[in-house]
Amino acid sequence: MTAHTPDPPLALLAELTHRCPLACPYCANPLELERASAELDPATWLRVLDEAAALGVLQVHFSGGEPCARRDLVELVARAAQNGLYSNLITSGVTLDAAGLARLTEAGLDHLQLSFQDSEHASADRIGGYRGGHRRKIEVAALVRAAGLPLTANFVVHRQNLERLPDMLALGEQIGASRIEIAHVQYYGWGLVNRAALMPTRAQLEAANAEVERARAALHGRITIDYVVPDYYAARPKACMGGWGRRIMNITPSGHALPCHAAETLPGLHFPFVTTTSLAAIWREDPCFARFRGTGWMPEPCASCDRREIDWGGCRCQAFALLGDAAATDPACALSPDHGVMAEAVAEAGGEGPDFVYRRIGAAAIA
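Residues numbered from 1 in each chain as written. Predicted model: local features only at pLDDT ≥ 70, side-chain atom pairs only at ≥ 80, totals over all residues. Heavy atoms only, no water.

What follows covers the environment of Ala107. Inspection of the secondary structure puts Ala107 in helix H3 (residues 98-107). Residues Ala107 and Ala281 lie 174 residues apart in sequence; the distance between their C-alpha atoms is 29 Å. Each residue touching Ala107, except ones within four places of it in the same chain, is listed here: Val74, Val77, Ala78 and Ala81. (Helix = DSSP H or I, 4+ residues; strand = E, 2+ residues; numbered from the N terminus. Contact = heavy atoms within 4.5 Å.)

So, on to helix H13 (residues 340-347). Residues Met342, Ala345 and Val346 constitute the buried set of H13. The buried residues of H13 occupy an angular sector of 100° when the element is viewed end-on, so they sit on one face. Looking at H13, the residues exposed on the side facing more than 90 degrees away from the buried face are Glu344 and Ala347. Of the surrounding secondary structure, the elements contacted by the buried residues of H13 are helix H8 (195-198), helix H9 (202-219) and helix H12 (316-323). (Buried < 20%, exposed > 50% of the residue type's maximum accessible area, 1.4 Å probe, protein only. Arc of directions from axis to C-beta.)

For the rest of this paragraph, the subject is the pattern of salt bridges. When their charged atoms lie close together, side chains carrying opposite charge are able to pair. Within the structure shown, the criterion is met by 15 salt bridges. Note that Glu51 and Arg47 form a salt bridge whose closest N and O atoms lie 2.9 Å from each other. Linking Glu51 with Arg47, this pair stays in helix H1 (residues 42-55), spanning four residues, or about one helical turn. Note on Arg47: relative accessible area 29%, which makes it partly exposed. When salt bridges that share partners are traced, they join Arg19, Glu39, Arg70 and Asp72 into one network. (Salt bridge = Lys/Arg side-chain N within 4 Å of Asp/Glu carboxyl O.)

This part covers H9. If you check H9, its first and last C-alpha atoms are 26 Å apart, about what 18 residues at 1.5 Å a residue would give, namely 26 Å. Just past H9, the residue Gly221 takes up positive phi, approximately 85°. (Expected span 1.5 Å × (residues − 1).)

The N-to-C vectors of helix H6 (residues 165-174) and H9 enclose an angle of 25°; their axes lie 10 Å apart at closest approach. Classed by the angle they form, the pair H6 and H9 counts as roughly parallel. At the point where H6 passes H9, the crossing takes the right-handed sense. Residues Leu165, Pro166, Leu169 and Glu173 of H6 lie in contact with H9, whose contacting residues are Ala208, Glu211, Val212, Ala215 and Leu219. Within the contact of H6 with H9, the residues separate by chemical class into seven nonpolar, no polar and two charged. (Axes fitted to C-alpha atoms, helices over the stretch in contact; angles between N-to-C directions. Parallel < 35°, antiparallel > 145°, perpendicular 65-115°, else oblique. Left-handed = near helix turned anticlockwise from the far one by under 90°. Nonpolar A, V, L, I, M, F, W, Y, C, P; charged D, E, K, R; others polar.)

What follows deals with the sheet that holds strand S1 (residues 11-15). In any sheet, the strands associate via hydrogen bonds between backbone groups, in a parallel or an antiparallel arrangement. As summarised here, the arrangement of the nine strands in space is S7-S6-S5-S4-S3-S2-S1-S8-S9, forming an open sheet in which the pairing is mixed. Strands at the two margins of the open sheet, each flanked by one partner only, are strand S7 (224-228) and strand S9 (257-258). In the sheet, strand S2 (residues 59-63) pairs with strand S3 (residues 86-91) via four bridges, with the strands oriented parallel. Residue Gln59 lies in a different strand from S3, and its bridge partner there is Tyr86. (Pairing = 2+ DSSP bridges.)

Structure (structure tokens):
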């Protein structure tokens, strides 16, 4: 990738809707959820998929909210298949039945990622804010396995469920997942609102690290385990989204094109709409996508760091959320002069914490 002609994005994250029957308190969606009336129409989404393929995108991830809430989902999956795009459905599963899954499979769906809130029914339903949700997910996993689709089981972990990590790994194996994602909450959006209730203790994290290594050895060659730790316990930042504007383009339900799902939180950046600008023009020419792409924007100590083309400066949204400056060194980095803000949050972890602020329209106002 040159400074002037970026390589095409590997993946398109298509956030079809913010509608969702679950109310997870760590949801990555923004605090101001978009209503159904603001969503892109089917024709525009079909054009976006055509443009994505022409741009060189290889994968499309249909996400939300709950993407199954869109009546045109089967049509979108079919268009992705026609364009040779590998399609992945990221779903809670609670509204998916055998007939719906059959239609998606026939349309050409390649993979399904099913989210879980815990391994225990009562806790999972409490965290997700949806009674009977966990039972339904187990049923859907069996349908996916019967349909012959590859299945990823995604478990989001935090202080209130981390002690059951061994059971989560066992559940992933039991339902026939070929991949298990153990993803610690990342503290943006709703996760940041609920940080005091979700942040694990260091002892919990160390036990989780050891359990993941044990499971990787036991399941080697049968199940792949992906593991995402919280930035607050890291010494170096992660390459958020593979680097700003380098690998992924995110489209919101209303059609904003973003380099990451939280980029709209940054002030002074006016991201384009796919209704008025082509994906190719956005990716190659838009100044917002170029703003933090590469290394030229970096301050010290990032600018001279030997990891600057590995982590690409970490997360701009996290720098803004915690420091008020999107161009600052990500405080996840131990070299950041502001690394202490994360240490303070870690030091406060423990106990039951406050009640959840659930992901619902208007709920953030009471946080």
